[in-house]
Amino acid sequence: MLIDGRSLPDGSSLDTEIVIIGGGAAGITLALEFGRWNIPTCVLEAGGTNYSRRSQALYAGEVAEGLDYDLLSTRTRYLGGSSNCWSGWCWPFTEMDLSKRDWIPNSGWTIGTEAFAPYYARAREVLQLSELPLEAKFWIDHVRESNVQLLPFQADLLRTVVAHFSPPARLGQSRRAELEGSHSTKIILHATASNILTDDISHQAKGVVVKMPTGTTMTVNARFVIVAAGGIENARLLLLSNGVQKTGLGNQNDLVGRYFMDHPRIRLGRLTFNNPVSYSRFYDVTYHYKNNSFAVSGTRAGATIGLSEEVQRREQLLQCHTTLFGSYVGESRQAVDHCKRVYAAFKRHEHVDLSDIARMVPGIPAATAAFLTRSTRMRRLVKHYTLESILEPVPDPNSRVTLSDQRDEFGLPRVRLTWRVGDLEKRTHRRAVELIRQQVEEQGLGRLEIDGDPWDDSWSDRVQSTWHHMGTTRMNPDPKLGVVDENCKVHGIGNLYIAGSSVFSTGGANMPTLNLVALAARLADHIKMLHDVSPLDLSSAHPPRVAAE
Ligand SMILES: Cc1cc2nc3c(=O)[nH]c(=O)nc-3n(C[C@H](O)[C@H](O)[C@H](O)COP(=O)(O)OP(=O)(O)OC[C@H]3O[C@@H](n4cnc5c(N)ncnc54)[C@H](O)[C@@H]3O)c2cc1C
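All figures in this text were calculated on a predicted structure; none of them were measured in a lab.

### Some words on the overall build of the protein
The number of helices and strands found in the protein is 17 helices and 19 strands. At 24 Å, the protein has a C-alpha radius of gyration in line with the 24 Å of a compact globule built from 549 residues. Taken along its principal axes, the extent of the C-alpha atoms in the protein is 75 × 50 × 45 Å. Across the 549 residues that make up the protein, the buried fraction comes to 59%. Long-range contacts, defined here as pairs at least 24 residues apart, represent 77% of the contacts in the protein between residues at least 6 apart.

Quick look at the structure:
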């Protein structure tokens, strides 16, 4: 059932078994699981069912030191969360992703791939993926496209890493009917959780205070509270909930908000193949998303160039995955990039200044040429390929989410973010590009040109976000090293749980969503087990007045 929070009377309250804060990929996965088991559940979703500028503006925040970071466009604040705009790349975690590596400070999980494995089938179902293998050879043998070749790199240096693509699943739409049809699930829209209530010694969460854009407030009382508001807001909400524990819930060891990670993403270079058509079929990312002919049984796949595990160990490097972006005639110019940015802002109904439009005008002829050549989708019109590398981030306690002095429309402190990227990331990026260049030349595949020295002091200016927010409530069984335990329960609080990539201890050079959805399914099983042990007596529950949106 969908309920418009704006229609609920001020001061109303609701009793339920489980309250989930956030209706993104993690929150919806949990709600679907509890709905199938008929466990009374309430999902609090800050936005509505569609994009709204007012709701999105609540994600604005302050960037402190470190790299620049766009807090507004790297996440989406309405039902479905960032699944409304994600690209659908999916990789399961590998042993290497989760392992402790001595040369990477704070690396490693205390659970292994065996903890994720039983849950990938459910995660694939949520994200509309099949169980096809990820081995490159399988795809080469089975795709309908002809003349597809793997780049013949030396295996102890570079390897082809295959990803599956979700359609991409827009969960607020694709799962809406099931969520609405569930008798035990209530989704309250336009409902911003502002404070998690606890008992006087903050050992038990009691419920959540919720604010609506109409200025009204309600309380949801629950036996289990799950925070699934995204990798940045999860930490913010714990820090905001400081009524009893003055430093914020779960923050007795000053860990909430620390270890913020995103995957540093850098584009550079011009790779020209002697035989571009056959290699680009698998590796050119511009084709992956819509390339239905590169599909087997409806699942699409794409390839990236990864560092081999041997080279990572031998040279003490992080993980790095590099994809190729086909660049058409007219593209790769600043003016064209500006046109693309303004167009994207229009599409997202974001504010565009007159100065943006003025800067866009000179790029229109080249952008039109680029648009026309790109829409032919003819690989022969690709001039060259730009390398885009996505790096594993080092978990750094000084990369962190804290609370700003600025306040949002509810009067709540906004987020303050520091994102740092260090020397190991830079060294790994440099080595990965060097190895690609060396292999391309040695194997006679073509040439890679790079302007100037991208690894000079301005290297970090090239680093962009990959829109992945991880680490701010990291998992570790030791409360001095992590905010949540291995069941995603906040240390010291009996019934408060966290879902989403904020619990990731290390992020790999990996796409988070398949893994965070698997972890949410695992958390659902854990809570169901606790619920079955002593289900709540709901006979005294007072449902709120209900109005469908
Ligand atoms: C442009 C883009 C491309 C991406 N591409 C990929 C990709 O290819 N592969 C991949 O794996 N990942 C990708 N991602 C990341 C992926 O989208 C996220 O990992 C995933 O959506 C996170 O899910 P989540 O449920 O944890 O958080 P979110 O999606 O952030 O959902 C959180 C939800 O909580 C709500 N909320 C927030 N605060 C509150 C509050 N106080 N009270 C109530 N509700 C609240 C929000 O409105 C939102 O609906 C991409 C992201 C972006 C932005």
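That was the structure; now back to the text.
### Here's the deal with helix α17 (residues 513-533)
Compared with an ideal rise of 1.5 Å per residue, which puts 21 residues at 30 Å, α17 spans 30 Å between its outermost C-alpha atoms and is within 8% of the ideal. Counted residue by residue, α17 has 15 buried out of 21 residues, so it is predominantly covered.

### A look at the site of the ligand
Taken together, 36 residues sit near the ligand, with E45, S82, W89, A193 and T513 positioned nearest. At a separation of 3.3 Å, an oxygen atom of the ligand approaches a polar backbone atom of G81. S87 places a main-chain nitrogen or oxygen 3.1 Å from a nitrogen atom of the ligand. When isolated, the ligand has an accessible area of 1,000 Å², and the protein chains bury 94% of it. Counting only elements with at least two residues in the shell around the ligand, the list comes to α1 (25-36), β8 (192-198) and α17. Among the residues making up the shell around the ligand, the classes are represented as 18 nonpolar, 15 polar and 3 charged.

### Concerning the domain arrangement of the protein
Many analyses report the size of an interface as the accessible area lost when the parts associate. Domain assignment breaks the protein into domain 1 (1-55 + 75-129 + 170-263 + 467-549) and domain 2 (133-165 + 264-391 + 423-462). Computed from C-alpha atoms alone, the centre-to-centre distance between domain 1 and domain 2 is 33 Å. Each partner contributes residues to the interface: domain 1 has 20 residues there, and domain 2 has 29 residues. Note on domain 1 versus domain 2: buried area summed over both sides is about 2,200 Å², and carbon and sulfur give 63% of it. The largest share of the area that domain 1 buries against domain 2 comes from W89, M96 and W103, three residues that together contribute 32% of it.

### Let's talk about the packing of aromatic side chains
Summed over the entire model, instances satisfying the criterion amount to 15 aromatic pairs. When the centroid spacing of 5.5 Å and the interplanar angle of 75° are considered together, the rings of W109 and F116 count as edge-to-face. By the burial criterion, W109 is buried, and F116 matches it. Summarising the aromatic geometry, the rings of F138 and W139 are spaced 5.5 Å apart at their centres and angled 80° between planes, so their arrangement reads as edge-to-face. Take F138 and W139: they sit in the same class, and that class is buried. By the ring-pair criterion, three or more aromatic residues cluster together here, those being F93, W109, F116, Y120 and F504. Lying across the ring of Y59, R77 places its NZ or CZ 5.8 Å from the centre. Over the face of the ring belonging to F325 we find R267, whose NZ or CZ atom lies 3.7 Å from the ring centre.

### A word on the side chain of D97
Here D97 shows up in helix α3 (residues 95-98). Despite its burial, D97 remains without a salt bridge, the nearest opposite charge being carried by R101 at 6.2 Å. Of the polar contacts made by the side chain of D97, one reaches the side chain of Q319; its length is 2.7 Å. A polar side-chain atom of D97 sits 2.7 Å from a polar atom in the side chain of N510. Excluding its chain neighbours within four sequence positions, the residues that come into contact with D97 are P92, W109, Q319, T506, G508, A509 and N510.

### With respect to the pattern of salt bridges
Evaluation of the coordinates by the stated rule reveals 28 salt bridges. Residue D254 is joined to R400 by a salt bridge in which the shortest nitrogen-to-oxygen separation is 3.5 Å. Of this pair, D254 sits in the loop between α9 (233-240) and β11 (265-273) while R400 sits in strand β16 (residues 400-407); the two residues are 146 residues apart in sequence, bridging distant segments of the chain. Taking relative accessible area as the criterion, D254 reaches 36% and is therefore assigned partly exposed.

### Brief notes about the sheet that holds strand β17 (residues 413-419)
Strand order in the open sheet formed by 3 strands is β4-β17-β16, and the pairing between neighbours is mixed. Single-partner strands in this sheet number two, and they are β4 (61-66) and β16. On average, each strand axis in the sheet is inclined to that of its neighbour by 30°, with strand direction left out of account. Examined bridge by bridge, β16 and β17 share 5 bridges and lie antiparallel to one another. Bridge pairing in β17 links R400 to T418.

### Quick word on the pairing of strand β3 (residues 41-44)
Here β3 shows a buried face lined by T41 and V43 and a second buried face lined by C42 and L44. Summarising the sheet, strand β2 (residues 12-21) and β3 pair through 4 bridges and their orientation is parallel. Pairing of I21 across the sheet is with L44, part of β3. Pairing analysis gives 4 bridges linking β3 to strand β7 (residues 185-189), with the strands arranged parallel. The residue of β7 that forms the bridge with T41 is T185.

### Quick look at the nonpolar core
Within the largest apolar cluster, 145 residues are counted, with the highest numbers of intra-cluster contacts made by L44, W139, I196, I226 and L496. Top contributing element to this core by residue count: α17, with 10 residues. No fewer than three residues from each of domain 1 (1-55 + 75-129 + 170-263 + 467-549) and domain 2 (133-165 + 264-391 + 423-462) sit in this core. Those residues in contact with I196, other than ones at most four positions away along the chain, are I21, A205, G207, V225, V227, L237, L238, S241, L249 and L496. Grouped together as the second largest cluster of nonpolar side chains are 9 residues, V161, A163, F325 and M511 included.

### What to know about the environment of W419
Position of W419 relative to the elements: it lies in strand β17. Residue W419 is classed as buried on the basis of its relative accessible area, which comes to 2%. Excluding its chain neighbours within four sequence positions, the residues that come into contact with W419 are E65, G66, L67, D68, Y69, F260, D262, P264, S399, V463, Q464 and S465.

Procedures and definitions
- Residues numbered from 1 in each chain as written.
- Predicted model: local features only at pLDDT ≥ 70, side-chain atom pairs only at ≥ 80, totals over all residues.
- Heavy atoms only, no water.
- Helix = DSSP H or I, 4+ residues; strand = E, 2+ residues; numbered from the N terminus.
- Rg over C-alpha atoms; globule rule 2.2 N^0.38 Å.
- Buried < 20%, exposed > 50% of the residue type's maximum accessible area, 1.4 Å probe, protein only.
- Contact = heavy atoms within 4.5 Å.
- Expected span 1.5 Å × (residues − 1).
- Near = heavy atom within 4 Å.
- Polar contact = N/O pair within 3.5 Å; in protein donor to acceptor, adjacent residues only side chain to side chain.
- Areas by Shrake-Rupley, 256 points an atom, 1.4 Å probe, with all protein chains shown as cover.
- Nonpolar A, V, L, I, M, F, W, Y, C, P; charged D, E, K, R; others polar.
- Domains from an automatic or database assignment.
- Buried area = accessible area lost by both parts, 1.4 Å probe.
- Phe/Tyr/Trp six-rings, centres within 6.5 Å; stacked < 30°, edge-to-face > 60°.
- Lys NZ or Arg CZ within 6 Å of the ring centre and 35° of its normal.
- Lys, Arg positive; Asp, Glu negative; His and termini not counted.
- Salt bridge = Lys/Arg side-chain N within 4 Å of Asp/Glu carboxyl O.
- Pairing = 2+ DSSP bridges.
- Axes fitted to C-alpha atoms, helices over the stretch in contact; angles between N-to-C directions.
- Core = buried A, V, L, I, M, F, W, Y, C linked by side-chain atoms within 4.5 Å.

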